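Architecture at a glance
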Amino acid sequence: MAESPGNTHRQPPPSQFFIPLNTALWLCAISHLIAAFKAPVQDCDETFNYWEPLHYLNHRYGLQTWEYSPEFSLRSWAYILIHALPTAFAGFLGNSKVAEFYGLRILLALVCAATETRLYSAICRTLNPRIGAFYLMIVVFTPGFFYASVAFLPSSFAMYTSTLGVTAFMDWHGGSKSAVGIMWFGVGALLGWPFAGALIIPFVLEDWAVGIWMGDTFEVFRKYLDGTVRCLIVLALQVAIDAFFYHKVVLVPIRLVLYNVFGGKDRGPDIFGTEPWDYYLRNLLLNFNIWTILAIACAPLLAVQSLLFRQQTTKQTLLRTVILIAPFYLWLAIFTIQPHKEERFMYPAYPFLALNAAIAFHMLLTWLGTSDPKTLIGKIPARIKLILILPIIVGSLNLGLLRTIGTITAYQAPLQIYEPLHNTTASDTVCFGKDWYRFPTSFFLPNGVHAKFIRSEFRGLLPGEFHSGKTGFGLFPGTWLEPGGMNDLNQEDLGKYTDIAHCTYLVDSYMPGTDATEHEPLHVLDKETWEKVSCKPFLDNARTPFAARMIWVPDLPGLPRALQRQWGEHCLLRRKGS
């Protein structure tokens, strides 16, 4: 049969560039595994609220914060417990506590890579493979994902579950998966961080709006009942685990929300510091550079596209896209208005930032790629467009890599100085003064060696120690016996300090030009009392110019002063004669 005239010159649509799933998984895994071995512990909250309780479960001693006091019960032991077994297994294989630390990080890296590959697959199938490629580029090469991927924090856990949650709501292949999406967001909110549940709001509104419009509210109700039951099962297990450890029934997620939102006078997160409104914008620009701008610009670009290119955007596609990009704006708005701000609070929204940025960049390339000679953009030669776009991509990747390398080389010393401690005895103590917040975790100390604090200029509440009694107290007494000297007002407790005369080892930093104070003498320079066991370079932030702090700059002679990194040292000292 003869071909119709209308089909004579019809060309097949160009094939979409698609990165195979196994390649995507390998890219994510390699990036995050490098982070597992090289990324410094960026937040002392990760050390004291998560690594130390984990160390207590596996080794029966460790540092205890006020949040784990049964009086306050603000942290869930269920979250710690699900990490305890794989950590112990890693320690068994590696025959050391350091192997436990890196073993858990490797597991977190692989879990994160798997969740990202799931979302990448859903983006390619339901949106566009090019959007998927940009999403993959962001999660593999940006500093934000590099650090969040292996952080032992509930906000990172919520990032994993949010990734799986949006995957379920995005992928309608084979029918709606709302129940699965509810479950994943619920698990992230219950076992991870309660506030992460806010990210599900746009998807819930969409489901019920569509259900009402289609007259199928019963089916929507059934799916949400299914998802809610799954969450209640998780909550029941969590309450049971926390009851075992605290010796009382507590709803930790609710207690955490009540403390942070309704803490009362002189309580709540604000007592630990506040930041200006633009803190997250500055932080996201550092960790995601151009992708932050694209993520924020996604909604305006979508509005322009819907107004100028109506024939390319159906109402259904527009509504679906609005729902997918809304969680990032919602999260950024909620936490921008909160006075207390920390980098880790953004982790659950990182998948949505990457998705927004990828969609925005796809829209821009679609406009630039038009060949319609009637438009101004269509008259620009393709080679010129390529010259305009390539520097943006290459520049963004290079900025991300340079910042990652910069932070690794600048702040890795706290993970490197403890190796000589392998020959110490259990009676030795390692003390921390002004560097208390740089202590990575007791997993770097030999069995039986305890971390102690000496007085410094810091006047807040330092961690105490879990009760380590073994007889007459039952299992894990440190989790349910009331410790002394705890409060929720960040008030200093002098009982948390030890006399420096009892310290066999001391961790101290020295930055040239730093003046000694009454409680922070320059121990590194006190050669009569202390000898250096291990010292590693540590970036001197006070003397290093802004540009050299933000990205990696090689230490080459002849560099301009504005690009020269200035160094101090982070040291493990031993008392002479000990």
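Residues numbered from 1 in each chain as written. Predicted model: local features only at pLDDT ≥ 70, side-chain atom pairs only at ≥ 80, totals over all residues. Heavy atoms only, no water.

**Regarding the packing of helix α7 (residues 154-170) against helix α8 (residues 178-192)**
Where α7 meets α8, the closest approach of the two axes is 7 Å, and the angle between their N-to-C directions is 170 degrees. Between α7 and α8, the crossing angle belongs to the class labelled roughly antiparallel. Within the contact between the two elements, α7 uses Pro154, Phe157, Ala158, Thr161, Ser162, Leu164, Gly165, Val166, Ala168 and Phe169 and α8 uses Ser178, Val180, Gly181, Ile182, Trp184, Phe185, Val187, Gly188, Leu191 and Gly192. Partitioning the contact of α7 with α8 into residue classes produces 13 nonpolar, seven polar and no charged. (Axes fitted to C-alpha atoms, helices over the stretch in contact; angles between N-to-C directions. Helix = DSSP H or I, 4+ residues; strand = E, 2+ residues; numbered from the N terminus. Parallel < 35°, antiparallel > 145°, perpendicular 65-115°, else oblique. Contact = heavy atoms within 4.5 Å. Nonpolar A, V, L, I, M, F, W, Y, C, P; charged D, E, K, R; others polar.)

**A look at the domain arrangement of the chain**
Considered domain by domain, the chain is made up of domain 1 (272-369) and domain 2 (412-467 + 481-575). Its C-alpha centre places domain 1 at a distance of 38 Å from the equivalent point of domain 2. (Domains from an automatic or database assignment.)

**Some thoughts on the pairing of strand β7 (residues 567-575)**
Bridge count between strand β5 (residues 505-510) and β7: six bridges; the pairing is antiparallel. Opposite Tyr510, over in β7, you have Glu569 as the bridge partner. Judged from the nine bridges that link them, strand β6 (residues 530-539) and β7 form a sheet pairing that is antiparallel. The partner of Glu531 across the bridge, within β7, is Arg574. (Pairing = 2+ DSSP bridges.)

**Thoughts on the packing of aromatic side chains**
The full count for this structure, using the stated rule, is 48 aromatic pairs. Note on Tyr68 and Phe466: the rings are 6.4 Å apart at their centroids and 70 degrees apart in plane angle, and the pair reads as edge-to-face. Here Tyr68, found in the loop between β1 (63-64) and α3 (77-94), pairs with Phe466, found in the loop between β4 (464-465) and β5; they are 398 residues apart in sequence, far enough to count as distant. What makes Phe466 buried here is its relative accessible area of 4%. Seen from their ring centres, Trp436 and Tyr437 are 5.7 Å apart, and the 80 degrees between their planes marks the pair as edge-to-face. A residue is classified by how much of its surface remains accessible, and Trp436, at 12% relative accessible area, is buried. Through successive ring pairs, a cluster of aromatic residues spans Phe37, Tyr50, Trp51, Tyr79, Phe101, Tyr102, Phe152, Phe157, Tyr418, Phe443 and Phe444. (Phe/Tyr/Trp six-rings, centres within 6.5 Å; stacked < 30°, edge-to-face > 60°. Buried < 20%, exposed > 50% of the residue type's maximum accessible area, 1.4 Å probe, protein only.)

**Focus: the packing of helix α4 (residues 97-126) against α7**
Viewed as axis vectors pointing N to C, α4 and α7 meet at an angle of 20 degrees, and their least axial separation amounts to 9 Å. Of the possible angle classes, the one that applies to α4 and α7 is roughly parallel. For the element pair α4 and α7, the recorded crossing hand is left-handed. Residues Leu108, Val111, Cys112, Thr115, Glu116, Arg118, Leu119, Ala122, Ile123 and Thr126 of α4 form the contact with α7, whose own contacting residues are Met159, Tyr160, Thr163, Leu164, Val166, Thr167 and Met170. Its residues assigned to classes, the contact of α4 with α7 comprises eleven nonpolar, four polar and two charged. (Left-handed = near helix turned anticlockwise from the far one by under 90°.)

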